[in-house]
Amino acid sequence: MKLRELLQDITILNTNVSMDTEISGVYYDSRKVQPGSLFVAVTGFASDGNRFIPMALSKGAAVVVTARKPEEDVPYVLVDNDRLALALIGTNLYGHPAKAMTLIGVTGTNGKTSTTLLLKQVLEKTLGAKVGLIGTMSNLIGDEELPTERTTPESLELQELFARMRDAGCTHVVMEVSSHALTLHRVGGVRFNVAAFTNLTEDHLDFHKTMDAYCEAKAELFARCDKAVINVDDNYAPRMLEKAECDTLRTSAYDADLYAKDAVLHAEGVAFTAVCGGEEVAVELPIPGKFTVYNALSVLGIAKQLGISLANTAGALKTVQGVKGRMEVVPTPGKDYSVLIDYSHTPDALENVISSVQDFCQGRVITVFGCGGDRDPIKRPIMGEIGVKLSDIAVITSDNPRTEVPEKIIEDIVAGVKAEYGMYKVVCDRRSAIRYAMDIAEKDDIIILAGKGHETYQEINGVKYHLDEREEVAAHLLELGN
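The structure displayed is predicted, hence computed values, not measured ones. (Residues numbered from 1 in each chain as written. Predicted model: local features only at pLDDT ≥ 70, side-chain atom pairs only at ≥ 80, totals over all residues. Heavy atoms only, no water.)

So, on to the overall build of the protein chain. In terms of regular secondary structure, the protein chain is built from 16 helices and 24 strands. Taken against the 2.2 N^0.38 rule, which gives 23 Å for 482 residues, the C-alpha radius of gyration of the protein chain at 24 Å falls within 12% of a compact globule. Structurally, the protein chain occupies a C-alpha span of about 75 × 55 × 40 Å along its principal axes. Counting across all 482 residues of the protein chain, residues that qualify as buried make up 56%. In the protein chain, once contacts between residues fewer than 6 apart in sequence are set aside, the share between residues at least 24 apart is 65%. Within the structure as shown, the protein chain displays about 19700 Å² of accessible surface, and the carbon and sulfur contribution to it stands at 48%. Positive and negative charge centroids in the protein chain, built from 49 and 68 side chains respectively, lie 3 Å apart. (Helix = DSSP H or I, 4+ residues; strand = E, 2+ residues; numbered from the N terminus. Rg over C-alpha atoms; globule rule 2.2 N^0.38 Å. Buried < 20%, exposed > 50% of the residue type's maximum accessible area, 1.4 Å probe, protein only. Contact = heavy atoms within 4.5 Å. Areas by Shrake-Rupley, 256 points an atom, 1.4 Å probe, with all protein chains shown as cover. Lys, Arg positive; Asp, Glu negative; His and termini not counted. Charge placed at Lys NZ, Arg CZ, Asp CG, Glu CD.)

Written out as structure tokens, the structure is:
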């Protein structure tokens, strides 16, 4: 492909190379550069791609795209934003694959994964569509599962993934869109047919610094969509609505364009009546928790924006499979208590899951939780307060300490706890914490293992060690003779 084709729609500030130069490939990692390729020097947080221009050239790069004019005499194209340039180069390289499919983006702090996985099932059941999914747990091309490292892939990999989905016959793509992806232009050059907003609560402030900045990042999605679905019960919904200059459907658990009434929450799931205009439809989902009502409303709203009737969507939702790591029931044969696994790792998510379980728990709620290392430390004492206040018994433990000392993270969590909040115990080792919770559980108690969700590892000092909480529960039952 010629350089001019790769640089289509990109503002070029300066260059010293011919636009007719043939380019064999595109890379932003200098270690992977091949002869005759284009190297995009991306300015990162841990390292600056411009430092690796000499390495890229030594490996045979024909041209360098950069936002900083090189001091040396090298073949370059100067652009004003290297990350956006990488994204647009990717769309050109793969032939704008997203335009060949119906693209749905879901953003928010909590509920993205559940909403996208539920929506995928609905589209498959109602339309018979082959659906691609891009998200936290995995990337899917129909039923084919691909590993994922982050919620939204880097822009070049994202376009390659879109192309794979297009070539595999996908007609729809459902994707989680993170605030990082929007800020760092991972979805640059991409327009969404429908975009949805679930909620916004404290998270990623180590990156965004303020909630206003976090909100602005999320709101950017609604400047690049044809239709929107927005949960107006959230305090940050007005900014999303302001940004969405398109056909917008407002959802609510109380009153909006599409809302839920007569909601019933029980241990096996939720039921409510969806109301939209003059239409009312009974909705049931086999996933417990009030937040399931909100996730279902988002799915109903997106489907309606795609032309699928409420009745057909409700019919599909009744038969959906639960989402791994989201209010997932773990088998405990021979025991008269229950164990749930949930990904709740933010203050709001933790509060939601404990409150939801309290709604149907006949015994005590025992919550095992911690906080991740190298992430927003401000939320740690807040989660400590929530976890101990709302639970009958809280077990404070490690999550993914990453490069931090686990005991120091726990100290930060405990700093938010006062004696009058309730009973808690610190058990630093997560495996031991799970066993402790099971040992003290009594009839009708519900143990919530919060924070890990679908993850089957624990990251300590940069190393991921295998840790599947389902296996830990099963192993302890065997140890107990069950």
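Now that the structure has been shown, we can carry on.
Moving on, we come to empty space enclosed by the protein. Applying the stated criterion across every chain, the model contains one cavity of 30 Å³ or more. What the largest cavity holds in volume is close to 50 Å³. In terms of residue count, helix 10 (residues 290-305) provides more of the lining of the largest cavity than any other element does, three residues in total. (1 Å grid on protein atoms, 1.4 Å probe; cavity = no way out; pocket = protein on both sides within 12 Å on 5 of 7 lines; lining within 4 Å. Points joined across faces, edges and corners; volume = space filled by probe spheres on them.)

Moving on, we get to the layout of surface pockets. Gaps between atoms show up when a probe of the same size as a water molecule is rolled over them. Roughly 330 Å³ of internal volume is contained in the second largest pocket. Along the wall of the second largest pocket there are 15 residues; nearest its centre are Leu117, Lys120, Gln121, Leu140 and Gln321. Residue contributions to the lining of the second largest pocket peak at five residues, all from helix 4 (residues 112-127). Split into classes, the residues belonging to the lining of the second largest pocket amount to four nonpolar, five polar and six charged. (Nonpolar A, V, L, I, M, F, W, Y, C, P; charged D, E, K, R; others polar.)

For the structure on display, the rule yields zero aromatic pairs. One residue, lysine 452, lies across the ring of tyrosine 457, its end atom 4.9 Å from the ring centre. Sitting over the ring of tyrosine 457, lysine 464 keeps its end group 4.5 Å from the ring centre. (Phe/Tyr/Trp six-rings, centres within 6.5 Å; stacked < 30°, edge-to-face > 60°. Lys NZ or Arg CZ within 6 Å of the ring centre and 35° of its normal.)

Further remarks concern the sheet that holds strand 18 (residues 338-342). Spatially, 17-18-22-19-20-21 is the arrangement adopted by the six strands of the open sheet, whose pairing is mixed. On the outer flanks of this sheet lie strand 17 (328-330) and strand 21 (423-426), each paired with one strand and no other. Each strand of the sheet is rotated relative to its neighbour by a mean of 20 degrees, with strand direction disregarded. Sheet topology note: the strand 18/strand 22 (residues 446-450) ladder contains five bridges and is parallel. Residue leucine 340 lies in a different strand from strand 22, and its bridge partner there is isoleucine 448. (Pairing = 2+ DSSP bridges. Axes fitted to C-alpha atoms, helices over the stretch in contact; angles between N-to-C directions.)

Taken as a whole and assessed by the stated rule, the structure comprises 30 salt bridges. For the salt bridge of glutamate 242 with arginine 239, the shortest nitrogen-to-oxygen distance reads 3.0 Å. Note that glutamate 242 and arginine 239 are positioned in helix 9 (residues 237-243) at a spacing of three residues, about one turn of the helix. Here arginine 470 ties to glutamate 328 by a salt bridge, and the two come within 2.9 Å at their closest N and O atoms. Of this pair, arginine 470 sits in helix 16 (residues 469-479) while glutamate 328 is found in strand 17, placing the two residues 142 residues apart along the sequence. The two residues arginine 470 and glutamate 328 agree in class, both being buried. One continuous salt-bridge network, built from bridges that share partners, spans Arg380, Glu404, Lys408 and Asp412. (Salt bridge = Lys/Arg side-chain N within 4 Å of Asp/Glu carboxyl O.)

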